[in-house]
Amino acid sequence: MPFIDAKTATHKHYDVIVVGSGAGGGQIAYTLTMEGVRVLMLEAGRKYNATEAAMFQTPDVAPLRGESTPDKNFGFYDATVDGGWQVPGEPYIVGTDPGDTNFSWWRSRMLGGRTNHWGRISLRNGIYDFKPHSRDGLGIDWPISYEDMAPYYDKVEMLVGIYGANDGLENTPNSPEGCLLTPPKPIVSDLLVQKHTARLGFPTIAGHRAVLTEALDWKRSPAKLHPGNVTAQKIIARDMQRRAPCFWATPCGNGCAIRANYQSTTVHLPPALDTGKLDILTDAMVAEVRMHKSGLASGVRFVDRKTGKSMEAHARTVVLAASAFETVRILLNSHPNGSREGLANSSGKLGRYLMDTVGSALGGQIPLLENLPPHNEEGASGGHMYVPWWGYKDQAAGKLDFPRGYHIEFGGGRRMPGFDSMEGLEWLTGGSYGAKLKEDARRYYGSFVYFSGRGEMIPNEKSYCEIDPTVKDKWGIPVLRFHWQWSDHETRQAEHMQKTFADIIESMGGRVRPRQRAGGNAISDGGSIIHEIGGAVMGDDPHTSVVNKWCQTWEVNNLFLADGAPFPSNADKNPTLTIMANAWRVGDHIVDRMRKKEL
Ligand SMILES: Cc1cc2nc3c(=O)[nH]c(=O)nc-3n(C[C@H](O)[C@H](O)[C@H](O)COP(=O)(O)OP(=O)(O)OC[C@H]3O[C@@H](n4cnc5c(N)ncnc54)[C@H](O)[C@@H]3O)c2cc1C
Ligand code: SF4
């Protein structure tokens, strides 16, 4: 069962339809097929294989030296072959309610979705992160705890390959032995940041990213991943041996043809296809969930993007993993019995509690890092270290004016120079040119350090989406209209980030550039950090949530969600590891229910 065409897909009846092939869809398709479940995956984007990755091309041979353009937002060689901040023919609307602010929506239309070029930062939520409302009275608790998710974090870390270390810090969980890979060594600027954050009273520790710093443990991990399932163990042991460790040289954002980093296309889909249980139909834009008279989902209606035809595929169970807000859109566009509010929305909460990550950034120039001897600091093509949130005690003591926290991602070092690497040096050089400009470029190359805060947003009533009453995409599917408002909680947190970054830069003897920002200017636009989740939150009460703790819709027994849409909170930890762990948990539940003939 491999890649199939639309006609074949519509003629078969599957156990499960999975919509979307990114982190959530890839993971749940893997989990289900490893247990022998017959899955049809429908993906709106085109087929993609990481052998297409432009790994070794350097900026100097690309048009515009590889710079970003409106259709290649992350540069010419970025792995996003189709998609971006705008997808041609697939608009979305930004609302104009009083107080609405800008919202940006990144979509990848390709097999594997955004996992082909994400940052690969993979942090576990901590114990506090599952019960935020119980701790400070704000937001919504998860109906599950860290203990429920922990075994699935273990499994995802072992399968995907995450480097990191156990530091035993508050709300920053350790992983059991055998889960994490050795972290890469810090680069020079990492060590400087670590020294100065320690002076300021907070830690800098090994980063956690989905990059193989060494070979996976293919002898021991398969039995832990699939206890009692010898077939699955053999498949994954074989696949793990086919993945090569990182060779520290090429940008992960371009994709990794040697399969050293995590992409759904290189990690989840190959073994799932090896089971013989997975059919994949690409260029299939799902418009709605179709229903039986019995009240169960019968399948989905999709548009074949190659022909423009509207078609239907059928299965015993439907899983939506189209990325949080696309999943919400599909549900809002599904109208059983002509209902206007969408499917599984008797709570009225569908489209509510949209969240992104609070983002704020600041950089500085550090004289101590000038004129370093030439050396290669590409490393794992992303953070080797980071600063986890450290302010729990200050918060408890009432010393901070915002709830929850943020972690700090930072970068520096001498990496492959791009077209703009040496732009804007005038404030340092006074405007040199000729031989002096070259000398200055060498002097300042690698002397900049950049800090980005990634903080928790509290869900609020004013950040929501709905179907626009008039606008449709080029496939005739109604589009989303977003309303986005940050509260003071988030803007104060962003201001705190700015001050912290300036403190670190100044402690290192550096100069902040550009200027430290305040208030609404300190915070990034909603959606711009690309960590959007929520819109169909899980809970224990069908009156206040869309899905139960198994991410099964309260109203349709055989309809599940497996992306970030059910998340009731967005911890400061980047969401993708939790999306995968949760998708595995939901997949196990579906298998269990199928075995009991309940689905
Ligand atoms: C530049 C960048 C950096 C990032 N860095 C990090 C990071 O370091 N750490 C982290 O945790 N997260 C990061 N993220 C976010 C991360 O990529 C997402 O959280 C993750 O990919 C979400 O997985 P998903 O399966 O929900 O959605 P996606 O990966 O977006 O996959 C959804 C898939 O569904 C398909 N689809 C959508 N609508 C339909 C439809 N109607 N019918 C059929 N198919 C459909 C899409 O084409 C897509 O392939 C980053 C994202 C970007 C863009
Ligand atoms: S840095 Fe390593 S993991 Fe990333 S693309 Fe290069 S080889 Fe692959």
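Above this text is the structure in question.
To keep things clear, this report deals only with the structure shown in the data block. (Residues numbered from 1 in each chain as written. Chains lettered and ligands numbered in written order. Predicted model: local features only at pLDDT ≥ 70, side-chain atom pairs only at ≥ 80, totals over all residues. Heavy atoms only, no water.)

Around ligand 1, 37 residues are found, and the nearest of them are Glu43, Arg114, Gly119, Val286 and Thr576. Between Ser108 and ligand 1, the recorded distance is 2.9 Å, taken from a backbone N or O atom to an oxygen atom. Considered on its own, ligand 1 offers 990 Å² of accessible surface; in the complex 96% of this is hidden by protein. Broken down by class, the residue content of the shell around ligand 1 amounts to 18 nonpolar, 13 polar and six charged. (Near = heavy atom within 4 Å. Polar contact = N/O pair within 3.5 Å; in protein donor to acceptor, adjacent residues only side chain to side chain. Areas by Shrake-Rupley, 256 points an atom, 1.4 Å probe, with all protein chains shown as cover. Nonpolar A, V, L, I, M, F, W, Y, C, P; charged D, E, K, R; others polar.)

The phi torsion at Arg259 lies on the positive side, around 65 degrees, for a residue other than glycine. Turning to its location among the elements, Arg259 is positioned in the loop between α7 (230-241) and α8 (264-274). Take Arg259: its relative accessible area is 13%, and that puts it in the buried class. Even without being glycine, Arg404 reaches a positive phi, approximately 60 degrees. (Helix = DSSP H or I, 4+ residues; strand = E, 2+ residues; numbered from the N terminus. Buried < 20%, exposed > 50% of the residue type's maximum accessible area, 1.4 Å probe, protein only.)

We now examine the sheet that holds strand β8 (residues 205-206). Strand order in this open sheet of six strands is β8-β15-β16-β17-β14-β20, and the pairing throughout is antiparallel. Taken across any chain shown, the strands that pair with only one partner, and hence form the sheet edges, are β8 and β20 (511-512). In the sheet, strand β16 (residues 406-411) pairs with strand β17 (residues 448-455) via six bridges, with the strands oriented antiparallel. Directly across from Glu409, in β17, lies its bridge partner Ser452. (Pairing = 2+ DSSP bridges.)

Here we come to the sheet that holds strand β18 (residues 464-472). Judged by pairing direction, the sheet is mixed, and its three strands sit side by side in the order β4-β19-β18 without closing on themselves. On the outer flanks of this sheet lie β4 (93-94) and β18, each paired with one strand and no other. When β18 meets strand β19 (residues 478-483), the two strands line up antiparallel, connected through five bridges. Opposite Lys472, over in β19, you have Pro478 as the bridge partner. Seen against the sheet, helix α9 (residues 324-332) touches β18 and β19 and runs at an angle of roughly 120 degrees to β19. (Contact = heavy atoms within 4.5 Å. Axes fitted to C-alpha atoms, helices over the stretch in contact; angles between N-to-C directions.)

By themselves, these are just geometric observations and shouldn't be taken as functional.
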